[in-house]
Amino acid sequence: MRDRAAAIVGAVALLAAVMLTGAATGTAAAATEAAPAARVGGWTCPGEPVPAGYVITAFDRNGCGGRGAWLQQPVRDGIWTCSGSPIVSGYVIAGYDRNGCSGVGAWYHRLARDGIWTCSGSPIVAGYVVTGYDRNGCSGIGAWYHQLVRNGIWTCPGSPIPAGYRSTTYSASGCNGLGAWLTVRA
């Protein structure tokens, strides 16, 4: 009797969680026109703000009465996001799929680390510099190689020069033909 009661309570709790998150439908149809102000993440209608630390990971064209709905989830290393999603501080864009996210395009978010290739337009995290370029990288939109700044590193055009460093010597052949500057401690 006790096991049966516990199973019923568990089933009711699971059903309530599914109903509250909209997961019962498997789509964004559960997103409502007037979402409560305290709601964080989940399926949302157009115009709803994306909470800090969250990204947009899916799009349902039929959600929100045909206006489309967006799935907001907490950011994590190695998550695909829809075009237009915020990029959370400390993350870079390391991949692009023009057909992803139901055809609106998708970007692969990674935590910044030394020696990572990022797509053109990706943020450059503080303390990093750009040291290489591949015009065909990131599905043809171009890619940049990020490294932690250090004395004697060659940096590409547009690379930030962190405080305490300066650019000196120029090499026209550096950065895959774009040119590069020797970055040294100031």
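In this numbering scheme, every chain counts its residues from 1 along its sequence in written order. Residue-level local features of this predicted model are given only where pLDDT is at least 70; pairs of side-chain atoms are given and counted only at 80 or more, and the full residue set underlies all totals for whole chains, interfaces and linings. Values shown for side chains rest on all heavy atoms present in the structure; no hydrogens or waters enter the calculation.

S.K.: Teacher, can you tell me more about the state of the cysteines here?
M.R.: Disulfides are defined in this document as cysteine sulfur pairs within 2.5 Å. Under the definition given, this model contains four disulfides. Through a disulfide, C119 is tied to C138; the S-S separation comes to 1.5 Å. Residue C119 is found in strand 7 (residues 116-119), and its partner C138 is found in helix 3 (residues 137-140); the two are separated by 19 residues along the sequence. By the burial criterion, C119 is buried, and C138 matches it. By sequence order of its bonded cysteines, the protein has the disulfide arrangement 1-2, 3-4, 5-6, 7-8. Each helix is a run of H or I in the DSSP string that is no shorter than four residues. Each strand is a run of E no shorter than two, and both are numbered from the N terminus. For every residue, the accessible area obtained with a 1.4 Å probe (protein chains only) is divided by the maximum for its type, and the residue is called buried under 20%, exposed over 50%, and partly exposed between those limits.

S.K.: Explanation requested: the pattern of salt bridges in the structure shown.
M.R.: When the charged atoms of two side chains lie near each other, side chains of opposite charge can form a pair. Salt bridge, as used here, is a side-chain nitrogen of Lys or Arg placed within 4 Å of a carboxyl oxygen of Asp or Glu. Per the counting criterion, the structure on display carries one salt bridge. The salt bridge involving D77 is made with R110; its shortest N-O contact spans 2.9 Å. Taken together, the residues span a long stretch of sequence, with D77 in the loop between strand 3 (69-74) and strand 4 (79-82) and R110 in strand 6 (residues 106-111) at a distance of 33 residues.

S.K.: For this particular structure, what's the right way to read the side chain of D60?
M.R.: Along the chain, the position of D60 falls in strand 2 (residues 54-60). Just so you know, the count uses Lys and Arg for positive and Asp and Glu for negative, and it drops His and the chain ends. The side chain of D60 sits in the buried core without any salt bridge; R61 is the nearest counter-charge, 7.7 Å away. Within the structure, the side chain of D60 is placed 3.0 Å from the backbone nitrogen of N62, a separation counted as a polar contact. Whenever a nitrogen or oxygen atom comes within 3.5 Å of another N or O atom, the pair is scored as a polar contact, on the condition that within protein one atom can donate a hydrogen and the other can accept it, and that pairs from neighbouring residues in sequence are kept only if both atoms are in side chains.

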